[in-house]
Amino acid sequence: MRLQVIKEYQLKGILPLKDLLLSINCIPVDCKDLERCPVCKSGIKTPNAHFEIPQIMTEFGDNSIAYLGTVDRQRAFTTYITPDFTNNY
């Protein structure tokens, strides 16, 4: 019920989306070979920094994530979501 009220308030403009955003610092990063990734078939054979974001509210689409990158906000990360969609947040 609470989530539904929040979504309705946001859609009506009563609650700005930026007020719903939350910083999540220090997500563990490991290295993975992108060739094994089902989303990115790029042919890259070297391990790349890899992490998984916690579950987010997908109801707001691309607006669910405002920024994804270093804590100092100096470097945005390239994000692979589907084979057809790559984004820099």
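To start, this report covers the structure provided alongside it. Here the structure is a predicted model, which is why all the values come from computation and not from measurement. (Residues numbered from 1 in each chain as written. Predicted model: local features only at pLDDT ≥ 70, side-chain atom pairs only at ≥ 80, totals over all residues. Heavy atoms only, no water.)

So, the overall build of the protein chain
Formally: Secondary structure counts use DSSP, requiring at least four H or I residues in a row for a helix and at least two E residues in a row for a strand, with both numbered from the N terminus. Between two residues, a contact is recorded if the distance between any of their heavy atoms is within 4.5 Å. Each accessible area value is a Shrake-Rupley result obtained with a 1.4 Å probe; residue values ignore everything except the protein chains displayed when judging cover.
In terms of regular secondary structure, the protein chain is built from 1 helix and 4 strands. Reading the protein chain from its N terminus to its C terminus gives the helix and strand order α-β-β-β-β. Relative to all contacts within the protein chain whose residues are 6 or more apart in sequence, the contacts with residues 24 or more apart total 26%. Counting only carbon and sulfur atoms, one obtains 54% of the accessible surface of the protein chain, whose full area is about 7400 Å².

Digging into a nonpolar patch on the surface
Going by this rule: The patches described consist of residues with a relative accessible area above 30% and no salt bridge, like charges being joined within 9 Å and nonpolar side chains (Val, Leu, Ile, Met, Phe, Trp, Tyr) within 5 Å. Here, a salt bridge means any side-chain nitrogen of Lys or Arg that lies within 4 Å of a carboxyl oxygen of Asp or Glu. Working definition: with a 1.4 Å probe on protein chains only, accessible area under 20% of the residue-type maximum means buried, over 50% means exposed, and in between means partly exposed.
On the surface, a nonpolar cluster with roughly 460 Å² of combined accessible area is contributed by Met1, Val5, Tyr9 and Ile14. Residue placement: Ile14 occurs in the loop between α1 (2–11) and β1 (30–33). Residue classification places Ile14 among the exposed positions, given a relative accessible area of 55%.

Looking at the environment of Ile6
Checked against the element boundaries, Ile6 lands in helix α1. Residue class for Ile6 comes out partly exposed when judged on its relative accessible area of 22%. For the pair formed by Ile6 and Leu17, sequence separation is 11 residues and the distance between their alpha carbons is 10.0 Å. The contact partners of Ile6, leaving out residues within four places of it in the chain, are Leu15 and Leu20.

So, the pattern of salt bridges
According to the stated counting rule, one finds 1 salt bridge in the structure shown. As a salt-bridge pair, Asp19 and Lys18 come within 3.8 Å of each other at their nearest N and O atoms.

A short note on the side chain of Gln10
With respect to the secondary-structure elements, Gln10 resides in helix α1. Relative accessible area serves as the criterion here: at 16%, Gln10 is assigned to the buried category. Those residues in contact with Gln10, other than ones at most four positions away along the chain, are Leu15, Leu17, Leu20 and Phe60.

Looking at unusual backbone geometry
Both trends apply: most residues other than glycine have a negative phi, and most peptide bonds are in trans. Positive phi values are uncommon outside glycine, yet Cys26 reaches one of about 65°. With respect to the helices and strands, the residue Cys26 is situated in the loop between α1 and β1. The exposure class of Cys26 is exposed, given its relative accessible area of 73%.

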